[in-house]
Amino acid sequence: MNYGMILYILGWILNFEAAFLTLPCLVAVLYQEQDGFSFLGVAVLCLVIGLIFSHKKPANTSLYAREGFVIVSAGWIVMSAFGALPFVLNGDIPSYVDALFETISGFTTTGASILADVEALSKASLFWRSFTHWIGGMGVFVFILAILPLVGGFNMNLMKAESPGPSVGKLVPRVRNTAMILYGIYFIITVVEFVLLVAAGMTAFDAITHTFGTVGTGGFGTHSDSLAGFSPAIQNIVTVFMILSGVNFGAYFLIIHKKPRQVLKMEEVRMYLGIILASALLIAFNVRDMFGSWGETLRHAFFQVGSIITTTGFATVDFDLWPQFSKTILIILMFVGACAGSTGGGIKVSRITILLKTIKKELRMISHPRSVKKIAMDGHRIEHEVVRSTNVFIAVYFLVFFTSVLLLGMDELDFTTNFTAVAATLNNIGPGLELVGPTQNFSIFSAPAKFVLMFDMLAGRLELFPMLLLFAPSSWKKY
Amino acid sequence: MQIMIVGCGKVGYTLADQLSGEEDHNIIVVDRNPDRISRVTNDFDVMGYVGDGASYSVLKEADIDNTDLLIAVTDSDERNLLCSLIAKKAGNCKAIARVRNPIYSSEGEFLKRELGLAMIINPEYAAASEMARIFRFPSAIKIDTFAKGRIELLRFRIPVGNKLHDTPVSNIRGKLGCEVLVCMVQRGEEVFIPLGDFVLQEKDIVSIVAAPSRASQFFRKIGVETNRVPNVLIVGGGKITFYLALRLIHAGIDVKIIEQNRQRCEELSELLPKASIICGDGTDQNLLLEEGLEQIRGFAALTNFDEENILLSLFAKSKSKAKLVTKVNRISFDEVIENLGLDCIVYPKYITTEFIIQYVRSMQDSMGSNVENLYKLNDNRAEALEFLIKEESPVVGIPLEKLQLKKNILICGINRYGKIIIPGGQDKIKVGDSVIVVVTDYRIHDILDILED
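Remember, it's a predicted structure, so these values are computed and weren't measured experimentally.

## Some details on the overall build of chain B
Thinking step 1. Scanning chain B from terminus to terminus reveals 15 helices and 22 strands.
Thinking step 2. For chain B, whose C-alpha radius of gyration is 23 Å, the value lies close to the compact-globule estimate of 22 Å for 453 residues.
Thinking step 3. The dimensions of chain B, computed from C-alpha atoms along their principal axes, are 60 × 60 × 40 Å.
Thinking step 4. Each of the 453 residues in chain B was classed as buried or not, and the buried ones make up 42%.

This is the structure:
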């Protein structure tokens, strides 16, 4: 374990966080709020601590897979721990546990809140809450890789630990260029959505915060009723961009390289869009009596489906009041999640695809024991390693899931609340059902339960293994 | 540059390491074996594709369109050639192929020209050239090779009180009676391209071009000790041995080869009539002593086993004062081996990698001009440039002495279909030649730039 290098990179994380924290300061200046000082203070604190660790590069710069995983999970925890401080200092969220919950929920793009009244927050705090979504969406390490020249093959280990999906590939030969391309695409989507939302009549502040919430597939808004109060046009724009942010960014890279046909051949993207279409139509049919017109029904159905499958967590209606069938579809979508290589969470469509193919293969093996069949995706053979790690992922996923539900059970809340609270945090969605439904919040949980949910959010965002490795004694041994 | 490496064996792996790390290129690796790909992509910042590099669709998918250079180093010669050929047709790139079968190697120049390859590398041949150089020249003479190792630029310092002191360049032939071309003279920090009236002085660093046999004659005449070994004993009769023996015999050195396999001995004796071939076990101490190990001046251990080679060299070191060359295939334990105190250890794989990297560097330097190759000489104070004469132009067909060249430019070699001409005033450039020009002071981008305006 290369502790020197771990501290060095964690130092850089704090330097970047200091830079990120200056943005809410600017917002505070713009709106003439006193809160700006708390952000400025924490930014200076981050910079000082960051520089202490990062001013000198350690002699041994080698990073192996083990260090990569530990750095990423530790980095996210450190980032959240410091990112929560301004809320406590400016009094918006007096309890540090609550502030930490809110910040982790922000960075992991969950969007689960402990706040009863969002509108009481200062503009700077609201901006920071949403901005954490944007940073966490594509990943802070991807950002660092795009900027810091960390030479060597080792930095792939950082990207692997942070990027979602069963097998993380590069778009171009260099990790650094890949990271730049990813952030470039991310930035363009952000700008386009912001412009469209402003054009559709949103205020600049609402537009920027909701854009962060959408492209990062986060879900923090600036209004207590999420997006219900905005015009249908705005809701439709957000629907489209939520779905776009849940697409594998490799698809956009292909479009930039003038190979749009290959995008249509990407099985994951086809499956993802197919699931959205089918679920939205089923729900629309199921809830047709609740709304005035088919147009309105479809708009709400697509919004809710897009919001849940991409793990954003915005809402235009209180879907907790919907019929059982529709609610069940939404719960299932929570687990499915978005595409690998997107900003969304969940199990990921590509894993589901691989699992379905494995099941098909297994069934064939039972009826034809000597049959030989390799699983392929997009015309490429899927290596046994990937299939194996997908199976293990699912096993670990449900292990974490049920352990969390068990621990939450100590709070004596009802089962639906506990079950959907874990589903909503482990899949980085935000709202669940019953007591944690779209109009409710997570403040009902006790502090230990909140820690369980915080762990779930981080584990979900980093795809389980980095968080588990962080707590495994074997990864902290020197050799 | 974007470079695609097909084949991730030891050479491919080392190339990926060096080119992506120190040289900072974008590297794509292609191999049929997924394990090899995952190993190389885990270790270095490169992009990997699993597939057959000789397949058009695999190359397309691996982005051959934007690739500048393809290096084919799979274990099969034919696949390497095919892969380079397809890459050249599919994309707009240069291609390097590793070809090690001696049958193809003697036809290397033809293959290279007709298939339009940038370079054909034969690891055994390259290693043998390196070894031959060790036997032929002492460390006082530095060698820069170009035209893929065909032209050797020998660089040495004129000793104090030497014959060459106060000699004009044009008098060398008259005074010594041997033909060499003085290309460059470095005096202090300054580098000159000498004309006939340039007077050499002691302590000058002089670079000459000469045919191999002439070079040793030249050094003997001017009294620079060449330390050329008169005889070499080679243990092991593989491909490197063949190439090495060929070169040594060509340079007039006695060669004795010990090989165990009777059939191979007979082959070698047919191929190398001037060498004495001994059929026997090279690890038999008595045999070695019987064949005059104690009197021998050069010893090369070239069996297929690294351990055996090392032990043989250590034994030779204890019994004789011979110059030792040891072949080691595995690079992994190089530091341990270096500490054993053997003179020269040659790693064929490492030499292959070095050759390719040298080419990549020159390709990068010569991008955007008509220069085929570019070599930096004397600590970047001068450049040697290689031009391919593709069409009739004002430099073609005119005796060199009639050409109005700019100052500080010298044509130091002509490669005519693999035959090297050290040009005199009467020689002419022909279409199809590749011409090597040494220049200081300017950058030239086209062969016509050498002419006075």
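Next comes the rest of the account.
## Describing the sheet that holds strand E12 (residues 231-235) of chain B
Residue and element names in this part refer to chain B.
Thinking step 1. If you walk across this open sheet you meet the six strands as E14-E13-E12-E15-E16-E17, and the pairing is parallel. Of all strands in the sheet, those bounded by a partner on one side alone are strand E14 (276-279) and strand E17 (344-346). Across the sheet, the mean angle from the axis of one strand to that of its neighbour is 15 degrees, orientation sign disregarded.
Thinking step 2. Across four bridges, the pairing between E12 and strand E15 (residues 298-301) is parallel.

## Quick notes on unusual backbone geometry
Most of the time, phi is negative for any residue but glycine, and the peptide bond is trans.
All names here are of chain A.
Thinking step 1. The phi torsion at Thr109 lies on the positive side, around 55 degrees, for a residue other than glycine.
Thinking step 2. Counting through the fold element by element, Thr109 comes out in the loop between helix H5 (96-107) and helix H6 (123-138).
Thinking step 3. The residue Thr217 is not glycine, and still its phi comes out positive at about 50 degrees.
Thinking step 4. With respect to the secondary-structure elements, Thr217 resides in the loop between helix H10 (204-215) and helix H11 (232-245).
Thinking step 5. You can call Thr217 buried: it has 34 C-beta atoms within 10 Å.

## Brief notes about the pairing of strand E19 (residues 382-388) of chain B
All names here are of chain B.
Thinking step 1. Of all seven residues making up E19, six are buried, and the element is well covered by its neighbours.
Thinking step 2. Note that strand E18 (residues 371-377) and E19 share six bridges and pair antiparallel. Each residue of the ladder has a partner; that of Leu374, found in E19, is Leu385.
Thinking step 3. Inspection of the sheet shows E19 paired to strand E22 (residues 434-439) by six bridges, in the antiparallel sense. Directly across from Glu383, in E22, lies its bridge partner Val439.

## Observations regarding the environment of Gly68 of chain A
Residues and elements named next belong to chain A.
Thinking step 1. Mapped onto the elements of the fold, Gly68 is located in helix H3 (residues 65-83).
Thinking step 2. For Gly68, a count of 24 C-beta atoms within 10 Å puts it in the buried group.
Thinking step 3. With twelve residues separating them in the primary sequence, Gly68 and Ser80 have C-alpha atoms 18 Å apart.

## Quick notes on the UniProt feature "binding site: K(+)" (unreviewed entry) in chain A
Residue and element names in this part refer to chain A.
Thinking step 1. Here the UniProt feature "binding site: K(+)" (unreviewed entry) sits at Thr109, Thr110, Gly218, Thr311, Thr312 and Asn428. These residues run over 320 residues, yet every pair of their C-alpha atoms falls within 8.2 Å of each other.
Thinking step 2. Filtering out sequence-adjacent residues up to four positions away, Thr109 remains in contact with His133, Gly136, Gly137, Gly216, Thr217, Gly218, Thr343, Gly345, Asn428 and Arg461.
Thinking step 3. Not counting the four nearest positions on each side in its chain, Thr110 is found in contact with Ser105, Gly219, Thr425, Asn428, Ile429, Gly430 and Met457.

## What to know about H11 of chain A
Thinking step 1. Taking 1.5 Å per residue, 14 residues should reach 20 Å; H11 of chain A reaches 20 Å between its end C-alpha atoms and fits that length.
Thinking step 2. Among the residues of H11 of chain A, Ile234, Ile237, Val238, Thr239, Phe241, Met242, Ile243 and Ser245 of chain A are the ones counted as buried.

## Section: the packing of helix H14 (residues 267-286) of chain A against helix H15 (residues 294-309) of chain A
All names here are of chain A.
Thinking step 1. Between H14 and H15, whose axes approach to 9 Å, the crossing angle comes to 135 degrees. In terms of orientation, H14 and H15 fall into the oblique class. Classified by chirality, the crossing of H15 by H14 is right-handed. Across the interface between the two elements, Ile275, Ile276, Ser279, Ala280, Ile283 and Ala284 of H14 pack against Thr297, Leu298, Ala301, Phe302, Val305, Gly306 and Ile309 of H15.
Thinking step 2. Per-class residue counts for the contact of H14 with H15 are ten nonpolar, three polar and no charged.

## A closer look at helix H12 (residues 249-256) of chain A
Residue and element names in this part refer to chain A.
Thinking step 1. Residues Phe249, Gly250, Ala251, Tyr252 and Leu254 constitute the buried set of H12.
Thinking step 2. Looking at the packing, one finds that the buried side of H12 touches helix H9 (175-199), helix H13 (260-265) and H14.
Thinking step 3. Just beyond H12, the residue with positive phi is Lys258, at close to 60 degrees.

## A short note on the nonpolar core
Taken as a class, soluble globular proteins show a tendency for nonpolar side chains to be buried jointly.
Thinking step 1. In this structure, Phe141, Val305 and Leu458 of chain A are the most contacted members of the largest nonpolar core, which totals 135 residues.
Thinking step 2. Sort the elements by how many residues they give to this core and helix H1 (residues 3-30) of chain A lands first, with 13 residues.
Thinking step 3. Once you skip the residues sitting within four places of it in the chain, Phe141 of chain A turns out to touch Val72, Gly75, Leu158, Met159 and Glu162 of chain A.
Thinking step 4. By size, the runner-up hydrophobic cluster in this structure holds 89 residues, among which are Leu15, Tyr243, Ile351 and Ile356 of chain B.

## Details of the sheet that holds strand E1 (residues 2-6) of chain B
All names here are of chain B.
Thinking step 1. The parallel open sheet is built from six strands, whose spatial order is E3-E2-E1-E4-E5-E6. Both outer strands of the open sheet, strand E3 (47-50) and strand E6 (119-121), are each paired with one neighbouring strand and no more. The sheet shows a mean angle of 15 degrees between the axes of neighbouring strands, taken without regard to direction.
Thinking step 2. Note that E1 and strand E4 (residues 69-72) share four bridges and pair parallel. Residue pairing for E4: Val6 is matched across the bridge by Ala72.
Thinking step 3. Contacts between helix H4 (residues 77-90) and the sheet are confined to E1, E4 and strand E5 (94-98), with E5 contributing the most and set at about 175 degrees to the helix.

The rules behind each value
Residue numbers run consecutively from 1 along every chain, following the written order of its sequence. Chains and ligands are labelled by the order in which they are written, letters from A for the one and numbers from 1 for the other. Given that the model is predicted, a residue must reach a pLDDT of at least 70 before its local features are reported, and side-chain atom pairs must reach 80 or more before they are shown or counted; all residues, however, enter totals for whole chains, interfaces and linings. The helix count covers DSSP runs of H or I at least four residues long, the strand count covers runs of E at least two residues long, and both are numbered beginning at the N terminus. The globule rule used here is 2.2 Å times the number of residues to the 0.38 power, and the radius of gyration it is set against is calculated over C-alpha atoms. Buried residues are those with 20 or more other C-beta atoms within 10 Å of their own C-beta, exposed residues have 12 or fewer, and partly exposed residues lie in between; C-beta atoms are placed from the backbone. Note on pairing: two strands pair once DSSP finds at least 2 bridges between them. Axes here refer to lines fitted to C-alpha atoms; in helices the fit is confined to the stretch in contact. Angles between the N-to-C directions go from 0 to 180 degrees. UniProt positions are given in the numbering used here, feature names are shortened, and annotations may be inferred rather than shown by experiment. We call two residues in contact whenever the C-beta atoms placed from their backbones are within 7 Å. Take the number of residues in a helix, subtract one, and multiply by 1.5 Å to get its expected span. Every angle not falling under 35 degrees, over 145, or within 65 to 115 is termed oblique; those three ranges are roughly parallel, roughly antiparallel and roughly perpendicular. For any helix crossing, the convention is left-handed if the near helix is rotated counterclockwise from the far helix by under a right angle, and right-handed if that rotation is clockwise. Here the term charged refers only to Asp, Glu, Lys and Arg, the term nonpolar to Ala, Val, Leu, Ile, Met, Phe, Trp, Tyr, Cys and Pro, and the term polar to all other amino acids, Gly among them. Put simply, a nonpolar core is buried Ala, Val, Leu, Ile, Met, Phe, Trp, Tyr and Cys residues tied into one set by C-beta atoms within 7 Å.

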